[in-house]
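Chain residues, written in single-letter form:
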Amino acid sequence: MGMMMGCLGMSCCLRISDQPTRPAPPSECDDSTSASDDVEPKSSSSVSSASGRIKLSDGRYLAYKERGVPKDQSNYRIIIVHGFASNKEMNFMASQKLMDELGIYLVQFDRAGYGESDPFPKRSLKSEASDIQELADQLQLGSKFYIIGVSVGSYPTWSCVKDIPHRLAGVALVVPFINYRWPSLPHDLIQDDYRKNLSRWAVWIARHTPGLLHWWMTQKMFPSSSVLDRNPKFFSTKDLEVLKNTPGYQLLSKSKLKDEPIFHSLRKDFIVAFGKWDFDPLTLKNPFGQSQSRLHLWQGYEDKVVPVELQRYVSTRLPWIKYHEVPDGGHLLVYDSDVCEAILRSLLLGDDPPLYKPQFD
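In this report, we go over the structure that sits alongside the text. Nothing here was measured: the structure is a model prediction, and the numbers come from that model. (Residues numbered from 1 in each chain as written. Predicted model: local features only at pLDDT ≥ 70, side-chain atom pairs only at ≥ 80, totals over all residues. Heavy atoms only, no water.)

With that settled, the discussion passes to the sheet that holds strand S4 (residues 104–109). Spatially, eight strands are ordered S1-S2-S4-S3-S5-S6-S7-S8 in an open sheet, and the strand pairing comes out mixed. In this open sheet, the two strands that pair with only one neighbour each are strand S1 (51–55) and strand S8 (322–326). On average, each strand axis in the sheet is inclined to that of its neighbour by 25°, with strand direction left out of account. As judged from the five bridges shared by strand S7 (residues 295–300) and S8, these two strands associate in the parallel manner. Considered in S8, the bridge of Gln 299 is made with Glu 325. (Pairing = 2+ DSSP bridges. Helix = DSSP H or I, 4+ residues; strand = E, 2+ residues; numbered from the N terminus. Axes fitted to C-alpha atoms, helices over the stretch in contact; angles between N-to-C directions.)

Another point: helix H4 (residues 154–163). Most of H4 sits out of view: eight of its ten residues are buried. When H4 is considered as a whole, its buried residues turn out to be Ser 154, Tyr 155, Pro 156, Thr 157, Trp 158, Ser 159, Cys 160 and Val 161. On its buried side, H4 packs onto strand S3 (76–81), helix H3 (125–138), strand S5 (145–150), strand S6 (168–174), helix H10 (260–274) and S7. (Buried < 20%, exposed > 50% of the residue type's maximum accessible area, 1.4 Å probe, protein only. Contact = heavy atoms within 4.5 Å.)

Moving on, we come to unusual backbone geometry. Notably, Gln 140 is not glycine yet its phi reads approximately 55°, a positive angle. With respect to the secondary-structure elements, Gln 140 resides in the loop between H3 and S5. Gln 140 sits in the partly exposed class, given a relative accessible area of 47%. In this model, Val 175 sits at a positive phi of 40°, which is unusual for a non-glycine residue. Take Val 175: it is sitting in the loop between S6 and helix H5 (187–190). Judged by relative accessible area, Val 175 falls into the buried class, the value being 1%.

What is shown is where atoms sit, not what they do.
Written out as structure tokens, the structure reads:
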């Protein structure tokens, strides 16, 4: 069971304690808006804090939050995909000044079962991409938009690259997790990586013994999630600084995990992310043609969640990816405003800052 906790700890990059209480389903009169009958009214007239929900084609509601400049005044429209145990309130440290300068409109949304979005027991790689496409359509982001996938949020992003590449103006994968079941990962690269067996065992537990897992995650007799808090085994020096300077930072809240819908959404998300996929990202052809690199991968050299060696392999296996490496970066890159600015400028303008060029041996 300790293996399960370790694997969950590696996957978490933001606070589950930020999860807001899911509201009651809206009444029929809540569905009116000037843009679409399936988009709920926003909670604020200011784009820097505007939020709302859309109704998906299957009847579920998906919550979102807007940032940056007004959509109708924007040059770039970006959807940010959060990771495991996070939500639309995640900290992506892009300054308002930068967004004003470049004309950036950001959408952060709660993936199924997180925050204020309805759960989806049949969650899959395809459903995640479909949710993102419906979000873009209902918010009228245009024929093409950008995606930034963070940590475990990279699996919905990979699914978009495979299933809806014609809708993507560009993609950034930020500290993307690696699924050890991808067939093309070379055995000699991962055979001694303890994370491989850890993730497989964790998926088995999550799939076959959910009741036992729920008890372990919420019991108070023995240490469980608390052992991960500020544990240097899972966090780099830079990550530990983030944890220290973020008031109330908590990886896994027992009180939240007692809520079974939240627990089962997390469990299903974990199973889909770390289970067997219906495609291997390492065999994908460049969906963007021979134009300038439109898929960027950002990795921290000191990341203890995802080994830098694996990301370097991905970048060499898929040479059409533009690889960036932060020398002192850990897994919590999105808490670094300088890195977030570099991510946006590289994705939108094609900048290639020398500081983040990898230094291969």
